[in-house]
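Chain by chain, the residues run as shown.
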Amino acid sequence: MSSPSPNVVLVTGGTGLVGQAIKHVIETEPEGSRFGKQPGEKWIFASSKEGDLRDPAQTRALYEKYQPTHVIHLAALVGGLFKNMKYKMTFLRDNLLINDNVLEAAHEKNTQKVISCLSTCVFPDKVEYPLDETKIHTGPPHQSNFGYAHAKRLVDVQNHAYKEQYGHNFTSAIPTNVFGPHDNFDLEDSHVIPGLIHKCYLAKKNGTPFIVAGTGKPLRQFIFSYDLAKLFIWMLREYDDVEPVILSVGEDEEVSIKEVADAIVKAVDFKGDYTFDTTRADGQFRKPASNKKLLTLMGGFEFTPFPEALDLTVKWFVENYDKARTGAAGKA
Amino acid sequence: MQPLNPKGRQQSHLYLIYEVCIAFPSSLVVVLKSHYYRSKMSSPNVVLVTGGTGLVGQAIKHVIETESEGSRFGKQPGEKWIFASSKEGDLRDPAQTRALYEKYQPTHVIHLAALVGGLFKNMKYKMTFLRDNLLINDNVLEAAHEKNTQKVISCLSTCVFPDKVEYPLDETKIHTGPPHQSNFGYAHAKRLVDVQNHAYKEQYGHNFTSAIPTNVFGPHDNFDLEDSHVIPGLIHKCYLAKKNGTPFIVAGTGKPLRQFIFSYDLAKLFIWMLREYDDVEPVILSVGEDEEVSIKEVADAIVKAVDFKGDYTFDTTRADGQFRKPASNKKLLTLMGGFEFTPFPEALDLTVKWFVENYDKARTGAAGKA
């Protein structure tokens, strides 16, 4: 049945970190392979320029234009700690609107499948580690991403409700910390890896010290965006349950912030002063998430070794500095 | 305080105050205070009650119309109250919601409107119950934000608390776990109101808060046999049993305990919140844990009030609900300094009398009109 009508896959947030990674994988994996395009399949990587998903009419117009059979829904309002705390209502409401518009349009058009994107950061603040797919709603999220977290959690609620009332195949993925090319490297707003890459790059350029906040001891699981992209494609092809899946490296693959910084220093080839400012606070020591469900369902997966992935990301950043999202401070 | 009317007396009035205060600085505080009270009284409240024709809305209307003006639970002089129904505007539609605010220019909103239903409907239409309530709540709060409404009190329910929780329920436990599946959509939408209130408060400083009633009963309830809550359902059943000369059979053992709040009492508590409560955190509005009654006590009181003389039994083969779901009203009583709830038998009697007298107008559903 799928041969005469090939899939049309719409990726919202298609110009972002994960969207561009999916684009890269679709364009480089052999056609018909496990993570490759299917013959005749069409992929659209939509950005907000094509339509503001906070507006129901513009969202419907996007669906009308492309008639997607499948949607990978990555678009969201995201930001760093400062913005999340200052604009709690905006982060809550804009994300609620985007998600409701995307899912409701999919409902109206009877789209075959929608995979939305949650995050390990929306889990409860007080929780027993490791995180797993059953713990999303067992307590309130951390205040630091209050609005974003509540809106994302509601997607899982919406998926279940759409499934039970209408039988829709709407599900969600829960990535852990993602990094890779096309990230947001803005010094104010970025996550830890792109932030440190940018800082180290500027330190080398300006001949100043590279100082990392904290002791470097906290551990985190990081997933390379190209690996995450493959996992999204796997979900698209082979996963049809409403329950979310955590997409992450294993708990035994945690790396410390110091290991991250060391790898960045090496990849940037930074020779200057490299220290840790231990007067600055560390984040939580560990927030491990289990990828047992993923590996059991997939039958295993080869993640790109961390130093290799980091090296690739740094090389991309250095080569694309002028085009990268470096924010105001970056263009110095 | 109301903004200055550029054409009106208020401006020259304030200019005079300005001149006086420059000359006599110590008079500034006195003048400002009296000016504040003057403008408070010159622009009386306009209170919009959404869901105004429902169980709780009609109870608030009753209290406002019967309590003495200016008393603790009464209307304030010059105050205007609007009890809006869905006929005036479908609150799932942002444009109709804004039109309602434009029409009435409310200074305060008591937001009771919601899509509600019994167990069967909640389970069958999870998405509708979730989405319609999300839309209603977002429209009401966002319109209040745009119009800078002074205060909004929304309505949650003890039924939206986590399924697995340590009793008694209190205001800190709303988000500590997922709700029961039986009201999945409704519960998630209602919980989000508390999230929205906090976000509006932190980003914009709005005074949006919420009340958490326990099981409400009273006149103007939904007495539909399929959809209703336990008290109106039993009242209707008993009424029909008397009318048709058939047995009155109550499902279960009658042993489970519940806290019930009479709608007229709840109405007074809403008015108290309107006048005296300005915190973002919700308040549970309920009788005390020591005021729990068993389903058997409820059925006995109904049989008495209906004056039912026929066969009255319990079908113990039918499942009981949860044995107890107590909620604490400590916060409420501490803040209010005490409250006299209407004794349960008296409140039930009033409700039954209302139902019998208003049977033709009451919401009895399809089965009722037999």
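Basis of the calculations
Residues numbered from 1 in each chain as written. Chains lettered and ligands numbered in written order. Predicted model: local features only at pLDDT ≥ 70, side-chain atom pairs only at ≥ 80, totals over all residues. Heavy atoms only, no water. UniProt positions renumbered as here; feature names shortened; annotations may be inferred. Helix = DSSP H or I, 4+ residues; strand = E, 2+ residues; numbered from the N terminus. Buried < 20%, exposed > 50% of the residue type's maximum accessible area, 1.4 Å probe, protein only. Areas by Shrake-Rupley, 256 points an atom, 1.4 Å probe, with all protein chains shown as cover. Lys, Arg positive; Asp, Glu negative; His and termini not counted. Charge placed at Lys NZ, Arg CZ, Asp CG, Glu CD. Pairing = 2+ DSSP bridges. Axes fitted to C-alpha atoms, helices over the stretch in contact; angles between N-to-C directions. Contact = heavy atoms within 4.5 Å. Expected span 1.5 Å × (residues − 1). Buried area = accessible area lost by both parts, 1.4 Å probe. Salt bridge = Lys/Arg side-chain N within 4 Å of Asp/Glu carboxyl O. Polar contact = N/O pair within 3.5 Å; in protein donor to acceptor, adjacent residues only side chain to side chain. Core = buried A, V, L, I, M, F, W, Y, C linked by side-chain atoms within 4.5 Å.

As recorded in an unreviewed UniProt entry, chain B goes by the name GDP-L-fucose synthase, listed as coming from Ephemerocybe angulata. The record in UniProt for chain B states the following under Pathway (unreviewed entry): "Nucleotide-sugar biosynthesis; GDP-L-fucose biosynthesis via de novo pathway; GDP-L-fucose from GDP-alpha-D-mannose: step 2/2."

An unreviewed UniProt entry annotates chain A as GDP-L-fucose synthase of Ephemerocybe angulata. Its UniProt record gives chain A the following Sequence similarities (unreviewed entry) comment, quoted word for word: "Belongs to the NAD(P)-dependent epimerase/dehydratase family. Fucose synthase subfamily." Heading Pathway (unreviewed entry) of the UniProt record for chain A holds this comment: "Nucleotide-sugar biosynthesis; GDP-L-fucose biosynthesis via de novo pathway; GDP-L-fucose from GDP-alpha-D-mannose: step 2/2."

Student: Kindly report on the overall build of chain A, identifying the contributing residues and their values.
Tutor: A tally of regular secondary structure across chain A gives 11 helices and 12 strands. Expressed as lengths along the three principal axes of its C-alpha atoms, the size of chain A is roughly 60 × 40 × 40 Å. Here chain A holds 332 residues, and the buried ones make up 57% of them. When the accessible surface of chain A is summed, it comes to about 14,500 Å², and 52% of that surface belongs to carbon and sulfur atoms. Taking the average location of the 38 positive side-chain charges in chain A and that of its 42 negative ones, the two points are 4 Å from each other.

Student: Give a description of the UniProt feature "domain: NAD-dependent epimerase/dehydratase" (unreviewed entry) in chain B that names residues and reports values.
Tutor: Within this numbering scheme, the UniProt entry marks residues 47–288 of chain B as carrying the feature "domain: NAD-dependent epimerase/dehydratase" (unreviewed entry). Between the C-alpha atoms that bound residues 47–288 of chain B the distance is 29 Å, and the span itself is 41% helix and 16% strand.

Student: Could you give an account of the environment of A:Lys205, naming the residues involved and the relevant values?
Tutor: The topology assignment puts A:Lys205 in helix H6 (residues 192–206). A relative accessible area of 45% places A:Lys205 in the partly exposed class.

Student: Summarise the sheet that holds strand E5 (residues 208–213) of chain B; cite the residues concerned and give the values.
Tutor: Residue and element names in this part refer to chain B. The strand order across the open sheet built from six strands is E2-E1-E3-E4-E5-E10, with neighbouring strands paired in parallel fashion. This sheet does not close on itself; its edge strands, each paired only once, are strand E2 (80–83) and strand E10 (283–285). Taking each pair of neighbouring strands and ignoring which way they run, the sheet shows an average axis angle of 20°. Here strand E1 (residues 46–50) pairs with strand E3 (residues 108–111) via four bridges, running parallel. Looking at E3, one finds that valine 47 is bridged to histidine 108. Sitting on the sheet, helix H4 (residues 94–104) is in contact with E1, E2 and E3, with an inclination near 150° to E1.

Student: Which residues make up helix H3 (residues 55–66) of chain B, and what values do they have?
Tutor: The first and last C-alpha atoms of H3(B) sit 17 Å apart over 12 residues, in line with the 16 Å expected at 1.5 Å per residue. Looking at the buried positions of H3(B), the neighbouring elements they touch are E1, E2, E3, strand E6 (215–217) and helix H9 (263–276) of chain B.

Student: Explain the interface of chain A and chain B residue by residue, including any values.
Tutor: Across the contact, 26 residues belong to chain A and 26 residues belong to chain B. Approximately 2,200 Å² of surface area, both sides summed, lies buried where chain A meets chain B, with 63% of it carried by carbon and sulfur atoms. Among the residues of chain A in contact with chain B, A:Met89, A:Arg93 and A:Gln165 are the three that bury the most area, contributing 26% of the side total. Viewed at the interface, chain B and chain A are joined by six salt bridges.

Student: Got a sec to walk through the sheet that holds strand E3 (residues 70–73) of chain A? Specific residues and values, please.
Tutor: Residue and element names in this part refer to chain A. Read from one edge to the other, the open sheet built from six strands follows the order E2-E1-E3-E4-E5-E10, with strand pairing classed as parallel. Strands at the two margins of the open sheet, each flanked by one partner only, are strand E2 (42–45) and strand E10 (245–247). For this sheet the average axis-to-axis angle between neighbouring strands, irrespective of direction, equals 20°. As paired elements, strand E1 (residues 8–12) and E3 share four bridges and run parallel to each other. Counted as the bridge partner of valine 9 is histidine 70 from E3. Set on the sheet, helix H2 (residues 56–66) makes contact with E1, E2 and E3; between it and E1 the angle comes to about 150°.

Student: Account for the UniProt feature "domain: NAD-dependent epimerase/dehydratase" (unreviewed entry) in chain A, with residues named and values stated.
Tutor: The sites that UniProt annotates as "domain: NAD-dependent epimerase/dehydratase" (unreviewed entry) are residues 9–250 of chain A. Spanning residues 9–250 of chain A, this segment combines 41% helix with 16% strand, and its end C-alpha atoms are found 29 Å apart.

Student: Please set out the side chain of B:Lys151 residue by residue, giving values where relevant.
Tutor: Residues and elements named next belong to chain B. In this structure, lysine 151 sits in strand E4 (residues 151–155). Reaching out from lysine 151, the side chain makes a polar contact with the backbone oxygen of leucine 274 at a distance of 3.1 Å. Polar side-chain contacts of lysine 151 include one of 2.5 Å to the backbone oxygen of tyrosine 277. Excluding residues within four positions of it along the chain, lysine 151 makes contact with Thr107, His108, Val109, Asn207, Met273, Leu274, Tyr277 and Asp278.

Student: Describe the pairing of E3(A), listing the residues and the values that go with them.
Tutor: Residues and elements named next belong to chain A. Across the two faces of E3 the burial is the same, with His70 and Ile72 and Val71 and His73 all buried. Relative to strand E4 (residues 113–117), E3 is paired through four bridges, and the arrangement is parallel. Along E4, the bridge assignment pairs histidine 70 with lysine 113.

Student: Please set out H6(A) residue by residue, giving values where relevant.
Tutor: Residues and elements named next belong to chain A. Helix length check: H6 (15 residues) gives 21 Å between terminal C-alpha atoms against 21 Å at 1.5 Å per residue, within 8%. Listed in full, the buried residues belonging to H6 are Ile193, Pro194, Gly195, Leu196, Ile197, His198, Cys200, Tyr201, Leu202 and Ala203. Immediately downstream of H6, the backbone of glycine 207 shows phi near 65°, a positive value.

Student: For the pattern of salt bridges, give the residues involved together with the corresponding values.
Tutor: Residue and element names in this part refer to chain A. Under the defined criterion, the tally for this structure stands at 40 salt bridges over all chains. A salt bridge links lysine 65 to glutamate 50, with the nearest nitrogen and oxygen atoms 3.5 Å apart. Of the two residues, lysine 65 is situated in helix H2 and glutamate 50 in the loop between E2 and H2; the sequence distance between them amounts to 15 residues. Using a relative accessible area of 56% as the deciding quantity, one classes lysine 65 as exposed. The exposure class of glutamate 50 is partly exposed, given its relative accessible area of 34%. Note that lysine 109 is salt-bridged to glutamate 64, the shortest N-O span being 2.6 Å.

Student: Quick one: what's the story with the nonpolar core, residue by residue and with numbers?
Tutor: A:Ile22, A:Trp43, A:Ile72, A:Phe210, A:Phe232, A:Leu247 and A:Phe306 are the most contacted members of the largest nonpolar core, which has 66 residues in total. Here the element with the most residues in this core is helix H7 (residues 225–238) of chain A; it accounts for nine residues. Not counting residues within four places of it along the chain, the set of residues in contact with A:Ile72 comprises A:Val9, A:Leu10, A:Val11, A:Thr12, A:Ile22, A:Trp43, A:Ile115, A:Phe232 and A:Leu236. Grouped together as the second largest cluster of nonpolar side chains are 65 residues, B:Leu240, B:Met336, B:Phe339 and B:Tyr359 included.

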